[in-house]
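Structural description and commentary
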Amino acid sequence: MDKNVTMEKIVSLCKRRGFIFPSSEIYGGFSAIYDFGPYGAELENNIKKEWWKNMVQLRDDIVGLDSAIFMHPKVWEASGHVAGFSDPLTECRKCHSRLRVDHLLKDVGIAADEKMSDEEINKIFLKNKDKIKCTNCGAKDFTEARKFNLLVKSNLGNFTEDWTKDPVYLRGETCQGIYVNYKNVLDSSRVKIPFGIAQIGKAFRNEITARQFIFRTREFEQMEMQYFTSPDEEMKEYEKLKKYRWDYYVKSLGIRKENLSWKKHDNLVFYAKEAYDIEYNYPFGFKELEGVHARGNYDLSQHSKYSGQDFTYVDQLKGKKYVPHIIESSAGVGRTLLAVICDVYTEEEVNGEKRAVLKFKNNLAPIKAAVFPLLKNKTELVAKAKEIYDNFKIKFMCEFDDNGNIGKRYRRQDEIGTPFCLTVDFDSLQNNDITVRDRDTMKQERVKIDELEDYLKKKLGE
Ligand code: ATP
């Protein structure tokens, strides 16, 4: 990461250049919810496209799914979310900020897990009260910790006054849609164990402390893949998945290796075999980007218990019967997008002036090429530039810009990370060529307009 990166700079650039806006901003914003602007939406789509390519398109053993956000409430009982999907919460008695106790403890170097019981966490919390300060006002006076359920409730299909007693939940994670469709997929496609089901979709959590921009939001998108294996191959497949996911961040997204790290879970939930997170070095430190977990057969066993369905798999090859074990890869779209932006954000000095540039890998850049006429008021230049733009926009995301001077247009395209700027000038009309300016080197090259398509295709494919 560029040493100049701060969250203030990232948030400001994201707003100024149309990547990310606070939700309902004209009404003062809406806590922990964000909207993605024109370039943010493009970047999100490119990240999702790359994930789908890696997890579905290139894999003979993984198929896609798009399950609904609303599910039968029993799903969340079976998964354990109704009883146990909760974070330990405390309130600062001075400024009334609500804070997560496991986070406060971690900040002072004390290992705590959100899965600990109220009693366990309160014991550690009390013992260390003197060290812990409110992250908002610095006071050291807190209420007792209590668990707070993170599931978001709705009255879907319930027209009574007291629907809160019998709510329908907005899904807290996308993988439950995969588990409940395991048999449908198995019976309707050609898959055989080991195989995976992948999906991208929204999830909702009533997060208590929503800080750090889009890192922790109440509405977010997940990219999850659940891989069904035989019990004896679970750990072998797990190691393969770990490597595959690491390579995806480095090779497909171009994230620098030194900004990624593996974090092992020390306090495993009782059914888990092993759990690691891939962390990214955000400006606020190394934090979880994705979880890669070996979950045993807990998920299918729970759904079997609650639904009465039998999920036993008859393995013809091995001559065995078992309830499949699951290894999962679970990543957030927002956290990936934030990691990518932080990773490519660069400040440079050009002729005594500062430029900020997002050096995206070409596959992620929201706009691949911008076309300019040198001058706005010369109709021949504008017409030629428009013609080129109209030809290329069919092929990839392009932008036409005739505002301000060339220098300003370059700065704008640098800040949204456009790899190539193409300028039509008076020589272009004579020689049928164009100036191509490279975002990273800022070098300019003359390219014949007839050869431009091949030139860009080759460069963008690199
Ligand atoms: P954390 O410990 O940070 O709360 P988690 O362990 O609860 O995260 P998981 O339930 O494993 O997260 O979810 C898988 C992935 O979904 C995370 O790695 C993250 O990328 C994303 N994610 C989870 N919660 C949020 C959120 N509130 N906002 C944005 N992304 C999230």
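Conventions used here
- Note that residues are indexed from 1 along each chain, following the sequence as it is written.
- Local features in a predicted model are, by the rule used here, given only for residues with pLDDT of at least 70; side-chain atom pairs are given and counted only at 80 or more, and totals for whole chains, interfaces and linings are based on all residues.
- Hydrogens and water are ignored here; the side-chain numbers use all heavy atoms of the structure.
- UniProt positions are given in the numbering used here, feature names are shortened, and annotations may be inferred rather than shown by experiment.
- Residues are counted as near a molecule or strand when any one of their heavy atoms sits within 4 Å of it.
- In the analysis that follows, any N or O atom pair within 3.5 Å is treated as a polar contact, provided that within protein one partner can donate a hydrogen and the other can accept it, and provided that, for residues neighboring in sequence, both atoms belong to side chains.
- Numbering of helices and strands runs from the N terminus, with a helix taken as a DSSP run of H or I at least four residues long and a strand as a DSSP run of E at least two residues long.
- Only protein chains enter the area calculation, which uses a 1.4 Å probe; residues under 20% of their type maximum are buried, those over 50% are exposed, and those in between are partly exposed.
- In what follows, residue pairs with any heavy atoms lying within 4.5 Å of each other are defined as contacts.
- Criterion for a salt bridge: a side-chain nitrogen of Lys or Arg within 4 Å of a carboxyl oxygen of Asp or Glu.

As named in an unreviewed UniProt entry, the chain is Glycine--tRNA ligase, taken from Candidatus Falkowbacteria bacterium CG1_02_37_44. In the Subcellular location (unreviewed entry) part of its UniProt record, the chain is described as follows: "Cytoplasm". On record in UniProt, under Subunit (unreviewed entry), the comment for the chain is "Homodimer."

1. Examining the site of the ligand
Close contacts around the ligand come from 16 residues, with Glu207, Arg216, Thr217, Glu288 and Leu289 the closest. Interatomic distance of 2.8 Å between a side-chain N/O atom of Glu207 and a nitrogen atom of the ligand. Ranked by residue count, the leading element in the shell around the ligand is strand 13 (residues 285–294), at four residues.

2. Considerations on the UniProt feature "binding site: substrate" (unreviewed entry) in the chain
UniProt annotation of "binding site: substrate" (unreviewed entry) refers to Arg100, Glu173, Phe220, Glu221, Gln222, Met223, Glu224, Glu328, Ser329, Ser330, Ala331 and Gly332 when read in the numbering used here. Spanning 233 residues, the named residues do not form one spatial group; their C-alpha atoms are separated by as much as 26.0 Å. Residue class for Ser330 comes out buried when judged on its relative accessible area of 14%. Residues within four places of Ser330 in sequence aside, it is in contact with Gln222, Met223, Glu224, Leu289, Glu290 and Gly291. Among the polar contacts listed, one links the side chain of Ser330 to the side chain of Glu224, at a separation of 2.5 Å. Relative to the assigned elements, Gly332 resides in strand 16 (residues 325–332). When residues no more than four places from it in sequence are discounted, the contact partners of Gly332 are Glu221, Gln222, Met223 and Leu289.

3. Some remarks on the pattern of salt bridges
A full pass over the atoms with the stated rule returns 36 salt bridges. The partner of Glu219 in a salt bridge is Lys202, and the shortest N-O contact between them spans 2.7 Å. In this pair, Glu219 sits in strand 10 (residues 219–229) while Lys202 sits in strand 9 (residues 195–204), placing the two residues 17 residues apart along the sequence. Looking at Lys202, the relative accessible area reads 31%, which means it is partly exposed. Residue Glu328 is joined to Arg295 by a salt bridge in which the shortest nitrogen-to-oxygen separation is 3.9 Å.

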